[in-house]
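Descriptive structure summary
Below are the chains, spelled out letter by letter.
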Amino acid sequence: MERIIQITAGRGPAECTWVVAQVLKKVLDEAQVEGLETNLLQREVGQENGTVETATISVKGKNAAVFANLWIGTIQWIGQSQFRKMHKRKNWFIGIFEIEPQKNASISENDIQYQAMRSSGAGGQHVNKVSSAIRATHIPTGIAVVSMDSRSQHQNKKLATERLLKKLEDETLQQLKNHVGKQWENQLNIERGNPVRVFTGSDFKKNKIEKSYKETRQKLKNDLRNEHN
């Protein structure tokens, strides 16, 4: 089971980016305690040292859904600004949102079409008479590459396959970046109310308001169990 969450300061000031950095540490530490696997997919650092504008994390494991649900929502930090000592504001808010994972379609040999073709350019009689070049096309996407490096058709087919797989991998990575980039819209949707977690002070301790944590966790586990029954 996998869940992807994004921690963002939204349009908040530097103080909020400091909170994001602290929450990121808390999420990673708590996930480790819970025996969950985490992977930092994306992180944008803030303008101040030690701050983070936004971070996207993949959480995998048996209780990944329960874990994510306990964090998703508004996070509040109550404390003095780390950057503006005379600032009167004491309440700072950031948001944690869930991102729908992209489905990675497996590449089958049946999805690749090979076409023999004559090499172009200089090369003498061999190039003109023998169709040694190979075009490999990924049918579902239409992405194609050509290999004419070798006089061996077999070798060109192998090279074309390798290049096509690399090109498809690059395309998948770009789609993931675009997918994550679109989530920046979440920055406009941070609600300053009903926080799911409250932290206080420069040591970033949990507020006593979180006494119901175990009860909430148990309820979410029961709800998740009922969904599968």
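This report concerns the structure included in the present document.

This brings us to the overall build of the protein chain. Secondary structure summary: the protein chain contains 5 helices and 10 strands in total. Counting contacts in the protein chain only where the partners sit at least 6 residues apart, residues at least 24 apart contribute 61% of the total. Just so you have it, the protein chain exposes about 14200 Å², and 47% of that area is on carbon and sulfur atoms.

Here T54 is to be found in strand β3 (residues 52–60). Look at T54 and you get buried, because its relative accessible area is 0%.

The next point concerns the sheet that holds strand β1 (residues 2–8). Sheet architecture is open: 7 strands sit in the order β2-β3-β1-β5-β4-β9-β10, paired in mixed fashion. If you trace the sheet from one side to the other, it starts and ends with β2 (37–45) and β10 (205–206), each paired once.

The next thing to look at is the sheet that holds strand β7 (residues 133–138). Taken in spatial order, the 3 strands make up an open sheet running β6-β7-β8, and their pairing is antiparallel. Of all strands in the sheet, those with a lone pairing partner are β6 (112–117) and β8 (143–147), marking the two edges. Here the average twist between neighbouring strands, direction ignored, is 20°. In terms of strand pairing, β6 meets β7 through 6 bridges, oriented antiparallel. In the sheet register, M117 faces β7, and the bridge partner there is A133.

A separate point is the nonpolar core. Among the nonpolar cores identified, the biggest contains 28 residues, and I7, V19, V23, V27, W71 and I94 are the most heavily contacted of them. Broken down by secondary-structure element, the contributors of at least two residues to this core are β1, α1 (14–33), β3, α2 (64–69), β4 (73–78) and β5 (91–99). Of the residues forming this core, the biggest block, 9 residues, is contributed by α1. By size, the runner-up hydrophobic cluster in this structure holds 8 residues, among which are I112, I134, V145 and L164.

In this structure, R3 sits in strand β1. Since its relative accessible area comes to 25%, R3 is described here as partly exposed. With 95 residues separating them in the primary sequence, R3 and E98 have C-alpha atoms 7.4 Å apart. The residues touching R3, leaving out its near neighbours within four places in the chain, are I57, S58, V59, A64, A65, A68 and E98. Within polar-contact distance, the side chain of R3 engages the side chain of E98 at 3.1 Å.

This part is about the environment of Q155. Within the element layout of this structure, Q155 appears in helix α4 (residues 153–182). Take Q155: its relative accessible area is 31%, and that puts it in the partly exposed class. On a C-alpha basis, the gap between Q155 and S132 in space is 9.2 Å, while along the polypeptide they are 23 residues apart.

The rules behind the values
Residues numbered from 1 in each chain as written. Predicted model: local features only at pLDDT ≥ 70, side-chain atom pairs only at ≥ 80, totals over all residues. Heavy atoms only, no water. Helix = DSSP H or I, 4+ residues; strand = E, 2+ residues; numbered from the N terminus. Contact = heavy atoms within 4.5 Å. Areas by Shrake-Rupley, 256 points an atom, 1.4 Å probe, with all protein chains shown as cover. Buried < 20%, exposed > 50% of the residue type's maximum accessible area, 1.4 Å probe, protein only. Pairing = 2+ DSSP bridges. Axes fitted to C-alpha atoms, helices over the stretch in contact; angles between N-to-C directions. Core = buried A, V, L, I, M, F, W, Y, C linked by side-chain atoms within 4.5 Å. Polar contact = N/O pair within 3.5 Å; in protein donor to acceptor, adjacent residues only side chain to side chain.

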